[in-house]
Amino acid sequence: MSGRRFEAETGVGPRSEPVIPPALSPIDLHTHSTRSDGVLTPAELVRDAAAVGVRLLALTDHDTLAGVRDLRATGLPAGLELLAGVEINTLTSTAAPVEGEFHVLGLGVDVTSEPFEAVLRGQRDERRLRFERTIARLSEIGLPVDPAAAAEIVAGSQDDALGRPTIARLLVRAGHASSVQDAFSRLVGRGCPAYVPRGGLGPGEAIRAIRAAGGLPALAHFSEAPGRLAVVRELVELGLGGLEVYYRGWDQPTVSAMRAVADELGLVATGGSDYHGDTGTYAEAHAGLWVPPDVAAGLGVTLST
């Protein structure tokens, strides 16, 4: 978990002018479930989101649409609309993004697209390989996790996207770390003893795949955007169509600057909690989130009343 994601999870971080939601946010376009590295099942997530007044939710698990398919098969709480989404961590040599990655959300993608599913399957395969190598590395440095638990996770991961937060939780369970953040800070984060580099798509490949699947590719939690317009312009030239403007943990000046970037470059403004669940309930996370209702219109969605 990067420092940026930890700030989103805890709601901490520099806030010169804290964003005070004027009401319960009706929109959350960035969430995770147990199908990737969240702690709630898809059904639990939509239940908790509906309970606090969310009317438009995007489930954006890393590299998998399995949770979206689960929810479409079982149904949704009354008054909640689900937007099919995914988050792809893309590799780049460009300086400054967290751990050399741009995270690209695919919003409104076609869950029946076989070519897109093939792309995501390749990403999941890379994740599984990284997971196994990290588990092995931890054993090599004298910090083994429960081998049976790790093997069970890998065996059940065909449609799930494995991530380092899952390993961090195993480290906490084994007594090697006090929290997920502690595990990232000392053991599995970039530059740490058990860090294993990621494999997978570059940003252009991910953006093109999302476009081909009928989705909107939006750059997630890139607060550096106002000072790095040239980089964002390059992504726009590759097909980027949206920018996460509203993000839990950002102060008001950051949100305003991100909105200015979106307006200048003609990008659809999106926003969400990036909820995973390691540091609190969905309701607690949602209490610090504000995504204006007009964001739905940019996605071609009319909020229910």
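Coordinates for the structure precede this section.
A few points on the structure. (Residues numbered from 1 in each chain as written. Predicted model: local features only at pLDDT ≥ 70, side-chain atom pairs only at ≥ 80, totals over all residues. Heavy atoms only, no water.)

What follows covers the sheet that holds strand E3 (residues 81–91). Spatially, seven strands are ordered E1-E2-E3-E4-E5-E6-E7 in an open sheet, and the strand pairing comes out mixed. Pairing within the sheet leaves two strands with one partner each, and these edge strands are strand E1 (27–31) and strand E7 (268–272). Neighbour-to-neighbour, the strand axes of this sheet turn through a mean angle of 30°, independent of strand direction. Here E1 pairs with strand E2 (residues 56–59) via three bridges, running parallel. Looking at the pairing, Asp-28 lines up with Leu-57 of E2. (Pairing = 2+ DSSP bridges. Helix = DSSP H or I, 4+ residues; strand = E, 2+ residues; numbered from the N terminus. Axes fitted to C-alpha atoms, helices over the stretch in contact; angles between N-to-C directions.)

Quick look at the packing of aromatic side chains now. Tallying each qualifying case throughout the model produces three aromatic pairs. Pairing Phe-102 with Phe-222 gives two aromatic rings, centres 5.3 Å apart and planes at 80°, and the pair type is edge-to-face. Of this pair, Phe-102 sits in strand E4 (residues 101–107) while Phe-222 sits in the loop between strand E5 (216–219) and helix H9 (229–237), and the two are 120 residues apart along the sequence. Accessibility classification places Phe-102 together with Phe-222 in one group, the buried group. On the numbers, 5.3 Å between centres and 85° between planes, the contact of Tyr-275 with Tyr-282 is edge-to-face. Taking the relative accessible area as the measure of exposure, Tyr-275 reaches 3% and is therefore buried. (Phe/Tyr/Trp six-rings, centres within 6.5 Å; stacked < 30°, edge-to-face > 60°. Buried < 20%, exposed > 50% of the residue type's maximum accessible area, 1.4 Å probe, protein only.)

On to the nonpolar core. Counting residues in hydrophobic clusters, the biggest one holds 66 residues, and the most contacted among them are Leu-57 and Phe-116. The contact partners of Phe-116, leaving out residues within four places of it in the chain, are Leu-65, Val-86, Ile-88, Val-109, Ala-209, Ile-210 and Ala-213. Membership of the second largest hydrophobic core comes to 19 residues, among which are Phe-131, Leu-138, Ala-177 and Val-188. (Core = buried A, V, L, I, M, F, W, Y, C linked by side-chain atoms within 4.5 Å. Contact = heavy atoms within 4.5 Å.)

So, on to the packing of helix H6 (residues 164–173) against helix H7 (residues 180–188). Any two packed helices are characterised by how steeply their axes cross, that is the angle between the axes, and by the distance between the axes. With their axes 9 Å apart at the nearest point, H6 and H7 run at an angle of 100° to one another. As the angle between them shows, H6 and H7 are arranged roughly perpendicular. Note on element contacts: H7 touches H6 through Val-180, Ala-183, Phe-184, Leu-187 and Val-188, opposite Arg-164, Pro-165, Ile-167, Ala-168, Arg-169, Leu-171 and Val-172. (Parallel < 35°, antiparallel > 145°, perpendicular 65-115°, else oblique.)

Okay, the packing of helix H4 (residues 114–140) against helix H5 (residues 147–155) next. For the pair H4 and H5, interaxial distance at closest approach is 11 Å and the crossing angle is 170°. Considered as vectors, H4 and H5 are oriented roughly antiparallel to each other. Across the interface between the two elements, Arg-128, Phe-131, Glu-132 and Ile-135 from H4 touch Ala-150, Ile-153 and Val-154 from H5. Among the residues making up the contact of H4 with H5, the classes are represented as five nonpolar, no polar and two charged. (Nonpolar A, V, L, I, M, F, W, Y, C, P; charged D, E, K, R; others polar.)

Right, let's talk about the pairing of strand E6 (residues 242–247) for a bit. Taking burial as the measure, the six residues of E6 include six buried ones, the bulk of the element. In terms of strand pairing, E5 meets E6 through two bridges, oriented parallel. When the bridges of E6 are listed, Ala-218 appears paired with Gly-242. With H9 bridging E5 and its parallel neighbour E6, the resulting β-α-β unit is right-handed. The sheet contact formed by E6 and E7 spans five bridges and is parallel. Considered in E7, the bridge of Leu-243 is made with Ala-269. Read from E6 through helix H10 (residues 252–265) to E7, the crossover connection turns out right-handed. (Right-handed = clockwise from strand over helix to strand, strands pointing away.)

So, on to the side chain of Arg-124. If you trace the backbone, Arg-124 turns up in helix H4. Classification of Arg-124 by relative accessible area gives buried; the value is 2%. Side-chain polar atoms of Arg-124 contact the backbone oxygen of Gln-158, separated by 3.2 Å. Residues in contact with Arg-124, not counting those within four places in the same chain, are Asp-63, Thr-64, Glu-117, Gln-158, Asp-159, Asp-160 and Ala-161. (Polar contact = N/O pair within 3.5 Å; in protein donor to acceptor, adjacent residues only side chain to side chain.)

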